[in-house]
Amino acid sequence: SLNSFILWYDIVTSNNTVEILGMEQELVCKYFGGTYDLLININGKIYLIDFKTSNHISYKHFIQTSAYRYMLSLYNTTIDGIIILQLSKSDISFNEYILHIDNIEHNIFLDDCLNTFFGVVYSYYNRLNVEQKFKNLF
């Protein structure tokens, strides 16, 4: 996976102006938190990058990154795109899954992902509330 990342990074830096803005940064808000992998400026556009070594990429990965995007906004950081970087464990290769915030279809998808995430968070805390009330009643 490391060599797959190095290949990706070498390709990106050979053709673009690149600045790393953050790595493995913990983000926290009132009800949830997480750690993003990489925040990078490529040619003046800021991308949130999440590394994956799984065999497949699904919508769940974008639900996670949409929550990171939300938390970055709480820290006054606006991003231009999200990249899920699937790094191969078996050979030196990668796949990029890129969403651009200025693409309306991508932005709507990310909003739907965030709403899905918020629904799960709400359900979790509401379940805890119901459980506590049940204990108090019986």
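Definitions and cut-offs
- Residues numbered from 1 in each chain as written.
- Predicted model: local features only at pLDDT ≥ 70, side-chain atom pairs only at ≥ 80, totals over all residues.
- Heavy atoms only, no water.
- Core = buried A, V, L, I, M, F, W, Y, C linked by side-chain atoms within 4.5 Å.
- Buried < 20%, exposed > 50% of the residue type's maximum accessible area, 1.4 Å probe, protein only.
- Helix = DSSP H or I, 4+ residues; strand = E, 2+ residues; numbered from the N terminus.
- Contact = heavy atoms within 4.5 Å.
- Disulfide = S-S within 2.5 Å.
- Expected span 1.5 Å × (residues − 1).
- Arc of directions from axis to C-beta.

(A) Up close: the nonpolar core. Grouped together as the largest cluster of nonpolar side chains are 23 residues, with contacts concentrated most on Phe-32, Tyr-36, Leu-39, Leu-48, Phe-62, Leu-72 and Ile-79. Sorting the residues of this core by element identifies strand 2 (33-42), strand 3 (45-52), helix 2 (59-74), strand 4 (81-87) and helix 3 (104-137) as the ones contributing at least two each. If you tally residues by element for this core, the top one is helix 2, at 6 residues. In contact with Leu-72, other than residues within four places in its own chain, are Leu-27, Tyr-36, Leu-39, Leu-48, Thr-77 and Ile-79. Core analysis: the next-biggest nonpolar cluster, separate from the first, contains 11 residues, Trp-8, Val-12, Ile-40 and Tyr-47 among them.

(B) Summary view of the state of the cysteines. This model, assessed by the stated rule, comprises 0 disulfides. With no disulfide of its own, Cys-29 lies closest to Cys-113 among cysteine sulfurs, the gap being 17 Å. Accessibility expressed as a relative area gives 18% for Cys-29, which makes it buried. Classification of Cys-113 by relative accessible area gives buried; the value is 4%.

(C) Summary view of helix 1 (residues 2-15). The end-to-end C-alpha separation of helix 1 is 20 Å, in line with the 20 Å expected for 14 residues at 1.5 Å each. Along helix 1, the residues classified as buried are Ser-4, Phe-5, Trp-8 and Val-12. Take helix 1 and look down its axis: the buried residues cluster within an arc of 100°, on one side only. For helix 1, exposure combined with an orientation more than 90 degrees from the buried face picks out Leu-2 and Ser-14. Residues of helix 1 that are buried in the fold lie against strand 1 (18-28), strand 2, strand 3, strand 4 and strand 5 (94-100).

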